[in-house]
Amino acid sequence: MTAHLPIQHDVSLRSHNTFGIEANAHRYLRVLSVDALQAVKNDADLAALPRLVLGGGSNLLFTGDFPGLVLHMCSQGIEVTDEDANTVYVRAAAGENWHRFVRWTLAQGFGGLENLSLIPGSVGAAPIQNIGAYGVEVRDCIHAVSVFDFATGEIRTLDNAACDFGYRDSIFKHVLRDRAVVLNVIFALPKRWQPNSRYADVAQELTARGLVAPTAQQISDAVIAIRTRKLPDPAVIGNAGSFFKNPVVPKAQRDVLLAQHPQLVSYLQPDGSFKLAAGWLIDQCGWKGKSIGEAGVYEKQALVLVNRGGALGQDIVRLAHAIQADVKMRFGVLLEPEPIFI
Ligand code: EPU
């Protein structure tokens, strides 16, 4: 029944998740086009299996083997689809590597994505958690997202508003979670580009480089340097970037915390609430550089949990729970994980 699809059995996912966790997929398929997704939907046996759509594997934690079908999005292709007086529209396939795509846009002279340089993962995953860094979120440059809808078997295009983007959040994590598979993303990049270098780390790096009026490419180079210094390279030490979201609390709660902890790092949000630096909270609890077995807290950034070798997903979960309990006890704030637990 499934002979036409090159489905593999019991495939190791270790090299397909940036945490480097050993876990097996019961069934595994490299997806190069929407035809493969149609074929899966039309096959009663395959369609009945639990599904996991995998991109670069940089925002998930395997807590055990996956007992269903992994759809590994590997489609390639980048093209300029349209332009008007103010904007260039670029479509990129879900399987494209995110950082390579950012560098491609910069090489064409299109700014807008430079602050998001060197984020691990794929183009298709970028809108799902609305990746962000250094004062920019990907939603700022997304025009539309095309998806395959497993419920109807149709291709749908969601405009920016329909994606319901939030901080590390979108509709693809909620009502469309088990339905929509991102096929490609259409970006709207500004022709009259303005640098966004307000974020302290970026401003300092540009000053250190003597750049007063940086180009988009120079901002990208600065961001790459900052990330390389502060964050572990998943090719060397397994990790999924920030393990927790920065918690957002009401002003009254932040004021009480600030009175108790004058060094508290917090950022005012447009709605009057405050985002707290989770890395600072974890650091204050003494976790930086510590480990439980092979699961550890990165020495240079307490918000990043790392696999020091042969950690299992459950080891990372145990460490995360211990950190959550300490932060809750000391600051009364519950940290919410950023990666999806599988
Ligand atoms: N801090 C500490 N100790 C630490 C880590 C951080 O005191 O161990 C303090 C820093 O000194 C700073 C503050 O916490 O004052 C914030 O740290 P940082 O600028 O490194 O940023 P972050 O809040 O930890 C967020 C994003 C990152 C993104 C950076 C830069 C989240 C969950 N994380 O990290 O995104 O690269 O800002 O914009 O919003 C990711 O999502 O995977 C990710 C890496």
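A brief look at the structure comes next.

## Some details on the side chain of S122
Following the sequence through the fold, S122 ends up in the loop between α3 (98-107) and β8 (132-133). Beyond its immediate stretch of four places on either side in the chain, S122 contacts G55, G56, A94, E96 and W98.

## Structural notes on helix α8 (residues 313-331)
The α-helix winds at 3.6 residues per turn, so residues separated by three or four positions along the chain end up facing the same way. Between the first and last C-alpha of α8 there are 27 Å, a value that for 19 residues agrees with the 27 Å anticipated at 1.5 Å per step. Within α8, the full set of buried residues consists of G313, D315, I316, V317, L319, A320, I323, Q324, V327 and F331. G332 lies just past α8 and shows a positive phi near 70 degrees.

## Some words on the site of the ligand
Inspection of the region around the ligand gives 24 residues, with Y134, Y167, D283, Q301 and A302 positioned closest. Side-chain polar atom of Y199 to an oxygen atom of the ligand: 3.0 Å apart, as the coordinates give it. In this structure, an oxygen atom belonging to the ligand sits 2.8 Å away from a side-chain N or O atom of Q301. In isolation the ligand has 820 Å² of accessible area, and contact with the protein removes 82% of it. Mapped by element, the contributors of at least two residues to the shell around the ligand are β8, α5 (216-230), β13 (238-242) and α7 (278-284).

## Topic: the pattern of salt bridges
This model, assessed by the stated rule, comprises 17 salt bridges. Put simply, E299 and R308 hold a salt bridge, and the shortest N to O gap is 3.2 Å. Taking the relative accessible area as the measure of exposure, E299 reaches 42% and is therefore partly exposed. Residues joined in a network through salt bridges with shared partners are D149, R156 and R179.

## A look at unusual backbone geometry
The phi dihedral of L118 falls on the positive side, at around 65 degrees, and the residue is not glycine. Relative to the helices and strands, L118 is located in the loop between α3 and β8. Here D164, not a glycine, exhibits a phi torsion of approximately 55 degrees, which is positive. Residue position: D164 is located in the loop between β11 (154-159) and β12 (180-190).

## Section: the sheet that holds strand β19 (residues 304-307)
Ordered by their spatial adjacency, four strands build an open sheet running β13-β19-β18-β17, and the pairing between neighbours is antiparallel. Every interior strand has two partners, whereas the edge strands, β13 and β17 (291-292), have only one. Relative to strand β18 (residues 295-297), β17 runs antiparallel, the two sharing two bridges. Of the residues in β18, the one forming a bridge with S291 is G296.

## Some points on the packing of aromatic side chains
All chains considered together, the criterion is met by 10 aromatic pairs. Ring geometry for W98 and F187: centres 5.9 Å apart, planes at 50 degrees, overall tilted. Within this pair, whereas W98 is found in helix α3, its partner F187 is found in strand β12, the two being separated by 89 residues in sequence. Side by side, W98 and F187 carry an identical accessibility label, which is buried. Aromatic pair W280 and F331: ring centres 5.9 Å apart, planes at 50 degrees, arrangement tilted. Highlighted residues: W280 in helix α7 and F331 in helix α8, separated in sequence by 51 residues. The same class applies to W280 as to F331, namely buried. Taken together, F19, F243, F244 and F341 form an aromatic cluster joined through their ring pairs. Here the basic side chain of R51 rests over the ring of F150, its NZ or CZ set 3.7 Å away from the ring centre. One residue, R254, lies across the ring of F274, its end atom 4.0 Å from the ring centre.

## Notes on the nonpolar core
Counting 43 residues, the largest nonpolar core has I282, L305, I316 and I323 as the members making the most contacts within it. Counting residues per element, the ones that place at least two in this core are β2 (24-31), β3 (51-54), β4 (60-61), β5 (66-73), α7, β18 and α8. In terms of residues, this core owes the most to one element, α8, which gives seven residues. Discounting residues that sit within four places of it in the chain, L305 has contacts with F19, G238, N239, A240, G241, F243, G296, V297, I316, L319, A320 and I323. One finds A92, V102, L106 and L113 within the second-largest nonpolar core, a separate group that totals 40 residues.

Conventions used here
- Residues numbered from 1 in each chain as written.
- Predicted model: local features only at pLDDT ≥ 70, side-chain atom pairs only at ≥ 80, totals over all residues.
- Heavy atoms only, no water.
- Helix = DSSP H or I, 4+ residues; strand = E, 2+ residues; numbered from the N terminus.
- Contact = heavy atoms within 4.5 Å.
- Expected span 1.5 Å × (residues − 1).
- Buried < 20%, exposed > 50% of the residue type's maximum accessible area, 1.4 Å probe, protein only.
- Near = heavy atom within 4 Å.
- Polar contact = N/O pair within 3.5 Å; in protein donor to acceptor, adjacent residues only side chain to side chain.
- Areas by Shrake-Rupley, 256 points an atom, 1.4 Å probe, with all protein chains shown as cover.
- Salt bridge = Lys/Arg side-chain N within 4 Å of Asp/Glu carboxyl O.
- Pairing = 2+ DSSP bridges.
- Phe/Tyr/Trp six-rings, centres within 6.5 Å; stacked < 30°, edge-to-face > 60°.
- Lys NZ or Arg CZ within 6 Å of the ring centre and 35° of its normal.
- Core = buried A, V, L, I, M, F, W, Y, C linked by side-chain atoms within 4.5 Å.

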